[in-house]
Amino acid sequence: MDYLALNQAAWNERTKTHVGSKFYDVPGFLAGNSSLNEIELSALDVQGKSLLHLQCHFGLDTLSWARNGAEVTGIDLSPVAIKQAQQLAQQTEISAQFACCDVYSTADVLQRQFDLVYTSYGAICWLPDLDKWAGVIAKSLKSGGQFYMVEFHPVEAMLEGYSYFEQQHADVEQEGTYTENASDEKHTMVTWPHSLADVIMALLNAGLKLESFNEFDFSPYNCFENMVNGAEIGESAQRYYLLHNNKPIPLCFSILATKP
Ligand SMILES: C[S@@+](CC[C@H](N)C(=O)[O-])C[C@H]1O[C@@H](n2cnc3c(N)ncnc32)[C@H](O)[C@@H]1O
């Protein structure tokens, strides 16, 4: 099974839908809004730093980091997404580099090191081998550089029916997409579950030093069924919760690590 070809084709189609969605709100971004959320914004000061964004989709977050003062580079597997990111950079006159490649080829393709490597929401499930991923991160960081990730929590995926622990085989499914304007069209997508221990150990085994690890009982995205908006329970309207047995479950986690 050529998982890269399948996922690339699916993400090309998803991107075409996402660009016109309210969920991604491209007009808002063009008007000056940031697509970044409170979790990552409160964790990182990117001013004056070179930032590599792995799996940057069509570049909204990458370009938002540039608006916050970073010198940005984004990579993604989807040529449709990268072309769109380049167009948005041109339209907004934001200086940014984008490259289309598999995350595992990033260090070979870019041939440079960064102050900060960043990846976010919905990235690692597309990767079969986290040791290889962590190796790319370590190779792409300058000595003293930081790695930051914020991801959907594997407990949420487990409650949706996925394995919590690593498994021999990939999950191969026919999937639509998560934006409100999705059509009925489905694409074959290939994903792998990764436990928190596997993520952390991959980074430690690649030589990174763990600085902080956080778990969040909310997500900034209303992209699962039956989410409760924070405004309904006296919290921020930018937060969405999922209750299990009437109690909030972990929806996101973040990791900050450094390269010694
Ligand atoms: C859910 S999106 C990530 C969105 C991200 N939070 C952002 O900045 O907008 C997942 C992205 O991973 C990319 N992707 C999937 N497999 C990849 C791979 N092997 N190498 C590079 N990018 C990959 C997809 O093309 C897609 O754009």
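Residues numbered from 1 in each chain as written. Predicted model: local features only at pLDDT ≥ 70, side-chain atom pairs only at ≥ 80, totals over all residues. Heavy atoms only, no water.

Enquirer: What is the right way to read the pairing of strand 5 (residues 141-152) from this model?
Expert: Across a regular strand the side chains alternate sides, sitting on one face of the sheet and then on the other. As judged from the 6 bridges shared by strand 4 (residues 114-120) and strand 5, these two strands associate in the parallel manner. Its bridge partner lying in strand 5, Tyr118 is registered against Tyr148. For the crossover that starts at strand 4, traverses helix 7 (residues 130-140) and ends in the parallel strand 5, the hand is right-handed. Strand direction decides the pairing type here: strand 5 and strand 13 (residues 252-258), joined by 7 bridges, are antiparallel. The residue bridging Phe152 from the neighbouring strand is Cys252, located in strand 13. (Pairing = 2+ DSSP bridges. Helix = DSSP H or I, 4+ residues; strand = E, 2+ residues; numbered from the N terminus. Right-handed = clockwise from strand over helix to strand, strands pointing away.)

Enquirer: Is there a simple way to explain the side chain of His153 in this structure?
Expert: Relative to the assigned elements, His153 resides in the loop between strand 5 and helix 8 (154-159). Classification of His153 as buried rests on a relative accessible area of 2%. At 3.1 Å, the side chain of His153 and the backbone nitrogen of Val155 are in polar contact. Among residues more than four places away in sequence, those in contact with His153 are Leu196, Glu215, Pro250, Leu251, Cys252 and Phe253. (Buried < 20%, exposed > 50% of the residue type's maximum accessible area, 1.4 Å probe, protein only. Polar contact = N/O pair within 3.5 Å; in protein donor to acceptor, adjacent residues only side chain to side chain. Contact = heavy atoms within 4.5 Å.)

Enquirer: How should the packing of aromatic side chains be read in this particular structure?
Expert: Ring pairs (aromatic) are described by centroid distance and by the angle formed between their planes. On inspection of all chains with the given rule, the structure shows 17 aromatic pairs. With 6.3 Å between their ring centres and 50 degrees between their planes, Phe213 and Phe253 make a pair best called tilted. With Phe213 in strand 8 (residues 209-216) and Phe253 in strand 13, this pair connects stretches of sequence that are 40 residues apart. Its relative accessible area of 1% is what places Phe253 among the buried residues. Chaining the aromatic ring pairs together yields one cluster made of Phe23, Tyr24, Phe58, Tyr121, Phe152, Tyr178 and Tyr221. In this arrangement the basic side chain of Arg239 is found over the ring face of Phe218, its NZ or CZ atom lying 4.0 Å from the centre. (Phe/Tyr/Trp six-rings, centres within 6.5 Å; stacked < 30°, edge-to-face > 60°. Lys NZ or Arg CZ within 6 Å of the ring centre and 35° of its normal.)

Enquirer: Got a minute to help me understand the nonpolar core in this structure?
Expert: When a protein is soluble and globular, its nonpolar side chains tend to lie buried together. One finds Ile39, Leu51, Trp65 and Tyr118 to be the most contacted residues of the largest nonpolar core, which totals 35 residues. The leading source of residues in this core is helix 5 (residues 79-92), at 5 residues. In this view, Ile39 contacts Tyr121, Tyr148, Val150, Phe216, Phe218 and Cys252; residues no more than four positions away in its chain are not counted. Ile124, Ala134, Leu141 and Val199 belong to the second largest nonpolar core, which has 34 residues in total. (Core = buried A, V, L, I, M, F, W, Y, C linked by side-chain atoms within 4.5 Å.)

Enquirer: I'm lost on helix 7 in this one. Help?
Expert: Working note: α-helix, 3.6 residues per turn, so residues spaced by three or four point in the same direction. Taken together, the buried positions of helix 7 are Leu130, Trp133, Ala134, Val136, Ile137, Ala138 and Ser140. Where helix 7 starts, the residue carrying a side-chain oxygen 3.0 Å from the main-chain nitrogen of Asp131 turns out to be Asp129.

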